Amino acid sequence: MPKTTTLLIINGPNLNLLGTREPATYGTATLTDVEAVAADAAGSHGWTVNCFQSNHEGELVDAIQAATGTADGIVINAGAYTHTSIALRDALTAVGLPVVEVHISNVHRREEFRQHSYLSAVADAVIVGAGISGYRFAVDFLIEKLSSGSAGYAAP
Ligand code: CA2
């Protein structure tokens, strides 16, 4: 069977509003721009992306479960569910694929409730505060990791 070279890009609640309000926090790029950044980064390595956004926790769980056999890795910005969802963490653990958690804003400069993530402990890498470039960094990291078996300096 040919090797799958697809990444699943997941965006959670309210990220469909990107580019329409709160530009000081989230910039002016839209969700379509975010998905294009990820697709371009993957395409430059001959990879593809499947993009999914939902405002509903269970739909996000379903999308993560569906990655088994359809994707080699997951980039996830779970939005506010990052800070609340054991279900998303369990789904990521269950599929067992490499995961990068992305946040557009620097959550560590914001409210205290944003500074705990249920997902970080099951992610291979976490990228915060790099704007939508974080999705490009995440795609590059995952492709390097999946292509060579490792990525990053001395990452365990
Ligand atoms: O910084 C991020 O990427 C966040 O995941 C964004 C979430 C927030 O709850 C996390 O703490 C950090 C919120 C996404 C809301 O996105 C909007 C975009 C434009 C306008 C309004 C909301």
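Within any chain, residue numbers begin from 1 and follow the written order of that chain's sequence. Reporting of local features is limited, given that this is a predicted model, to residues whose pLDDT is at least 70; pairs of side-chain atoms are given and counted only at 80 or more, and all residues count toward the totals for whole chains, interfaces and linings. Hydrogens and water are ignored here; the side-chain numbers use all heavy atoms of the structure.

1. Brief notes about the sheet that holds strand 5 (residues 125-128)
In step 1: Read from one edge of the open sheet, five strands run 2-1-3-4-5, paired in parallel fashion. With partners counted over all chains shown, the strands left at the sheet margins are strand 2 (48-53) and strand 5, one partner each. With strand direction ignored, the average angle separating the axes of adjacent strands in the sheet is 20°.
In step 2: We call two residues in contact whenever any of their non-hydrogen atoms come within 4.5 Å of each other. Between N-to-C directions, angles cover 0 to 180 degrees, with each direction set by a line fitted to C-alpha atoms, over the stretch in contact for helices. Strands are runs of DSSP state E lasting at least two residues, helices are runs of H or I lasting at least four, and both sets are numbered from the N terminus onward. Against the sheet, helix 2 (residues 31-43) engages strand 1 (6-11) and strand 2, with an angle of about 160° to strand 2. Following DSSP output, two strands are said to pair if at least two bridges run between them.

2. Quick word on the pattern of salt bridges
In step 1: Definition used for salt bridges: Asp or Glu carboxyl oxygen within 4 Å of a side-chain nitrogen of Lys or Arg. Using the criterion set out here, one finds three salt bridges in the structure.
In step 2: One salt bridge connects E111 with R114, and the closest N-O pair in it is separated by 2.7 Å.
In step 3: Whether a residue is buried, partly exposed or exposed follows from its accessible area with a 1.4 Å probe, protein chains only, as a fraction of its type maximum: under 20%, in between, or over 50%, in that order. Look at E111 and you get partly exposed, because its relative accessible area is 36%.
In step 4: One salt bridge connects D124 with K145, and the closest N-O pair in it is separated by 3.8 Å. In this pair, D124 is assigned in the loop between strand 4 (99-103) and strand 5 and K145 in helix 5 (residues 133-148), connecting sequence segments 21 residues apart.
In step 5: Classification of D124 by relative accessible area gives partly exposed; the value is 38%.

That's the geometry; what it means functionally is another story.
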